[in-house]
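Close look at the chain arrangement
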Amino acid sequence: MLGLVQYHLTNSNALHNLRDNMERRTISRKLRISGIGLHGGRPSSVILQPGREGIIFRRFEIQIPARLDHVVDTTLNTTLGSAGARISTVEHLMACLYGTGITDCEIELEGDEVPALDGSARELVRMIRASGTRLLEGEILPFVVPRRIRLESGTSWIEASPGSFEVTYEIDFPDASIGYQRYCYRGRDFAAEIAPARTFGRMQDVEKMRSLGYALGGSLHNAVVVDGHKVLNPEGLRFPEEFVRHKILDLLGDLWILGRPVEARIHAYKANHGLHIGLAGKILEAGLMGA
Ligand SMILES: [Zn+2]
């Protein structure tokens, strides 16, 4: 915890105000992160290296730029693909890059899924901050949303409206342990407010997800698991509204696929990766670059 606080103080510029043009930034040295994939359950490693061509994943020598046109699946995670190679569950790593102000980075994957670590972005943020970042030449212009954009799917929806950057998220689960939660993130302190929030699952969904090949690596070490009114993790929650904070983490990671900050008021209700990526697509279509 101390490390996070100290990091925040010494790197406050990296937690930039996203309304402004953004500095281009990469990591200062190679970083290797190993673990198991949340869905596949297989060992994997990511090797982050300094870059200057945006955020680019690589697997089997195939380059997969972190761009909307390479999103190939949004079922329970965000998967990128190109030329037959796929990389699953990129959203937490993308959120971490967003939160540390990284605009350019090469990411080699050994395995088919980004390691889950503890189910949040806390460890990734800590590692990137500990190893340092460096500025690149040039600036990134934000997307300015000129009018309200809204997407719906059943009772779920997401919208972006003109205004200063903020993300409001609402969720509503029948489980008493989650229930209705709302959180508003105004871009102040990603490392403290959002990065520690872990992914979560409901006990009754686990068997079904596993039969479909998801959550095979999921455990109490990398997810919050709830069963009705109970949180099964012995250590409990990191925040009373950890669940909705994690949804904001997912959304920020999914929007970072745009490669530019979004100057808009974003509001999501019971949304998912499909709606997040759908909104990114609409912003790309409608957004104006620069203020
Ligand atoms: Zn997530």
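Residues numbered from 1 in each chain as written. Predicted model: local features only at pLDDT ≥ 70, side-chain atom pairs only at ≥ 80, totals over all residues.

Bringing the packing of helix H6 (residues 242-255) against helix H7 (residues 273-286) into the picture now. Between H6 and H7, whose axes approach to 9 Å, the crossing angle comes to 40°. For H6 against H7, the interelement crossing comes out right-handed. Contact with H6, carried on its side by Asp250, Leu251, Asp254 and Leu255, involves His273, His276, Ile277 and Ala280 of H7 and no other residues of that element. Residue classes in the contact of H6 with H7 are distributed as 4 nonpolar, 2 polar and 2 charged. (Axes fitted to C-alpha atoms, helices over the stretch in contact; angles between N-to-C directions. Helix = DSSP H or I, 4+ residues; strand = E, 2+ residues; numbered from the N terminus. Left-handed = near helix turned anticlockwise from the far one by under 90°. Contact = placed C-beta atoms within 7 Å. Nonpolar A, V, L, I, M, F, W, Y, C, P; charged D, E, K, R; others polar.)

Bringing unusual backbone geometry into the picture now. Backbone geometry at Leu117 places phi at a positive 50°, although glycine is not the residue there. Tracing the sequence through the fold places Leu117 in the loop between strand E9 (105-110) and helix H3 (122-131). Looking at Leu117, the number of C-beta atoms within 10 Å reads 22, which means it is buried. We note that Lys270 has phi near 50°; this positive angle belongs to a residue other than glycine. (Buried ≥ 20, exposed ≤ 12 C-beta atoms within 10 Å, placed from the backbone.)

Spatial strand order, E16-E17-E18: 3 strands in an open sheet with mixed pairing. Strand pairing shows two members of the sheet lacking a second neighbour, strand E16 (200-202) and strand E18 (230-231), which therefore form its edges. One ladder, built from 3 bridges, connects E16 with strand E17 (residues 224-227); its direction is parallel. Within E17, the residue paired with Gly201 across the bridge is Val225. (Pairing = 2+ DSSP bridges.)

Summarising the element assignment, Leu237 is placed in the loop between E18 and H6. Residue classification places Leu237 among the partly exposed positions, given that 16 C-beta atoms sit within 10 Å. Here the alpha-carbon distance between Leu237 and Phe165, two residues 72 residues apart in the chain, equals 27 Å. Apart from the residues within four sequence positions on either side, Leu237 is in contact with Val224, Val231 and Glu242.

The next subject is the environment of Leu38. Looking at the element boundaries, Leu38 is found in the loop between strand E2 (31-36) and strand E3 (43-50). Owing to 27 C-beta atoms within 10 Å, Leu38 belongs among the buried residues under this scheme. Along the chain, Leu38 and Ser88 lie 50 residues apart, while their C-alpha atoms are 9.4 Å from each other. Beyond its immediate chain neighbours, meaning those up to four positions away, Leu38 contacts Thr89, Ala116, Thr199, Ala215, Gly217, Gly218 and Asn222.

A few words now on H3. Of all the positions in H3, only Arg122, Leu124, Val125, Ile128 and Arg129 are classed as buried. Taken around the axis of H3, the buried residues stretch over an arc of 165°, which confines them to a single face. A positive phi of about 95° marks Gly132, the residue just after H3. (Arc of directions from axis to C-beta.)

If you check the domain split of the protein, you get domain 1 (2-140) and domain 2 (143-289). Look at where the C-alpha atoms of domain 1 and domain 2 centre, and you get two points 18 Å apart. Facing the 41 residues of domain 1 at the interface are 38 residues of domain 2. For the side of domain 1 that touches domain 2, the elements supplying multiple residues, two or more each, are helix H1 (2-10), helix H2 (91-99) and H3. Looking at the side of domain 1 that touches domain 2 element by element, the count peaks at 8 residues for H2. Here the residues of the side of domain 1 that touches domain 2 sort into 22 nonpolar, 14 polar and 5 charged. (Domains from an automatic or database assignment.)

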